[in-house]
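Below are the chains, spelled out letter by letter.
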Amino acid sequence: MTTVPPSGPPPTQRVVLHVGLPKTGTTWLQALLADSRDRLREGGVLYPFVRPGAMFHGAVEVRGSHEKFGLSAAEVAGTWEALCARVRDFPGLSVISHEVLGGATPAQIEWALRPLAGIEVHVVVTARDLARQATAHWQEEVKLGDTRSFADFEREQFRADTGRDAGPDAGGVRPHFWHAQDFADALRRWAASLPPGCAHLVACPPRGAPPEELWRRFAEAVGVDPALVDASDPAALRGTNASLGVAAIAQLRQVNAALAGRLDARDHHRLVKREYAEGVLAALPGRRPRTPADLAADWVPVTRAWLDEVGAAGYVVHGDPEDLVPSIPSADEPHPDVLLPGEELSGDPALLASEFVTRAGGVALDTPNASGRSRSALRRLRDKGRRGSGRR
């Protein structure tokens, strides 16, 4: 029996590293890729699977940030190599995606690229306008346990960029917000050792655009047929990392203050961030925060300078770069820290904190019937979220 060799050249072995940035639709894109893993594989695209959470663990291993997320070094050790091994064994296009990678230092990037030697590497950075990113960054830090107001962040993080340095991982002093959101700098760091044409910037569509437009731009950057994934399916939206309203953020800050560090990072991530903030508070209707107009206006020339840098470096842009220029809200928009009459949420933050501590196996506040009352408060919030879901 004679075997007929396949016609045409063999497929090029290529890997795309989607390195964020944070809060640019990354959670949704990763959910799309994961849910469509089999269909993508049939289309010649690998979204490698090692174990649940492996993309996250691999990115954390690259950054050495396991303690921040309540993980041990042993839990993440070897995960990046395992992901790269899947890539090396696949003959076509592979995609690795996690936003934790975006802030990596040059030394961390060199370490991450080492197992991919001999494979064509492309890097994709997704970016969104700074005015939308500021409120997203603030509430994400509050989800992780921060108690600071938006005004605190405005004074400490948002007002002044101290200039580029190696970033917090290398002992730099640049505020975390600027290091995490500077798309030109992220591209410069990740593309330093790549050939021309291998670095891509995806501009996230403006507020109100259909979610499938982000998928279309991302798929173009990766080199994937967008038809392989049905991004218009409403079920796909379950991967969206929903934002919190101003009242929910205020409540969460009070819960964090009442916890006063009594939860370790792992339990806070599981109980407060995932279950309470993203599972209960995110479902509540209510006004979403907007960056103050004067702050947003300050960032227009910053963004223009970053776009000029991207153009001068020859990075490939997907979508309209004007979508990255901050939109400036009305000057009479309420400040993100201001609660209007009737916006306050019910529920005693101290009782809610007590419930989380009890469930984590710690010592709860010495309050009679605290556990039962806090569970009732959680149920009321969930019921309110179900009644109000869809009304934003």
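Above this text sits the structure in question.
Keep in mind that what you see is a predicted model, and the values were worked out from it rather than measured.

Draft legend 1. Here's a closer look at the overall build of the chain. Helix and strand content of the chain: 16 helices and 6 strands. A buried classification covers 51% of the 392 residues belonging to the chain. In the structure as shown, the chain presents an accessible area of about 17,300 Å², 54% of it carried by carbon and sulfur atoms.

Draft legend 2. Broad picture of the packing of helix H12 (residues 246–259) against helix H15 (residues 349–359). Interaxial distance between H12 and H15 falls to 8 Å at its minimum, and their mutual angle equals 60°. As judged from the angle between their axes, H12 and H15 are oblique. The handedness of the crossing between H12 and H15 comes out as right-handed. Where H12 abuts H15, its residues Gln 251, Gln 254, Val 255, Ala 258 and Leu 259 lie against Pro 349, Ala 350, Leu 352, Ala 353, Phe 356 and Val 357. Considering only residue class, the contact of H12 with H15 consists of 9 nonpolar, 2 polar and no charged.

Draft legend 3. Examining helix H8 (residues 150–158) more closely. Every buried residue of H8 is accounted for by Phe 150, Phe 153, Glu 154, Gln 157 and Phe 158. Seen along its axis, H8 keeps its buried residues to an arc of 110°; they face one direction. Buried residues along H8 sit against helix H7 (130–143), helix H9 (176–181) and helix H14 (293–313).

Draft legend 4. Here's a closer look at the sheet that holds strand S2 (residues 45–46). The strand order across the open sheet built from 6 strands is S2-S3-S1-S4-S5-S6, with neighbouring strands paired in parallel fashion. Two strands lie at the open edges of the sheet, namely S2 and strand S6 (316–318), each paired on one side alone. Sheet topology note: the S2/strand S3 (residues 93–97) ladder contains 2 bridges and is parallel. Counted as the bridge partner of Leu 46 is Ser 94 from S3.

Draft legend 5. Region of the structure containing the pattern of salt bridges. Following the criterion strictly, the structure yields 30 salt bridges and no others. Linking Arg 359 and Glu 275 is a salt bridge whose minimum nitrogen-to-oxygen distance equals 2.5 Å. On the criterion of sequence distance, the pair formed by Arg 359 in helix H15 and Glu 275 in helix H13 (residues 265–278) is long-range, its members being 84 residues apart. Of the residues examined, Arg 359 reaches a relative accessible area of 36% and is grouped as partly exposed. What you see here is one network of salt bridges that share partners, running through Arg 164, Arg 174, Asp 182, Asp 185, Arg 188, Arg 189 and Glu 309.

Draft legend 6. Representation of the nonpolar core. Of all hydrophobic cores here, the largest spans 101 residues; its most connected members are Leu 17, Phe 183, Trp 190 and Trp 215. For Leu 17, the contacting residues outside a window of four places in its chain are Trp 80, Ile 96, Leu 113, Leu 116, Val 121, His 122, Val 123, Val 124 and Trp 190.

Each value, and the rule that gives it
Residues numbered from 1 in each chain as written. Predicted model: local features only at pLDDT ≥ 70, side-chain atom pairs only at ≥ 80, totals over all residues. Heavy atoms only, no water. Helix = DSSP H or I, 4+ residues; strand = E, 2+ residues; numbered from the N terminus. Buried < 20%, exposed > 50% of the residue type's maximum accessible area, 1.4 Å probe, protein only. Areas by Shrake-Rupley, 256 points an atom, 1.4 Å probe, with all protein chains shown as cover. Axes fitted to C-alpha atoms, helices over the stretch in contact; angles between N-to-C directions. Parallel < 35°, antiparallel > 145°, perpendicular 65-115°, else oblique. Left-handed = near helix turned anticlockwise from the far one by under 90°. Contact = heavy atoms within 4.5 Å. Nonpolar A, V, L, I, M, F, W, Y, C, P; charged D, E, K, R; others polar. Arc of directions from axis to C-beta. Pairing = 2+ DSSP bridges. Salt bridge = Lys/Arg side-chain N within 4 Å of Asp/Glu carboxyl O. Core = buried A, V, L, I, M, F, W, Y, C linked by side-chain atoms within 4.5 Å.

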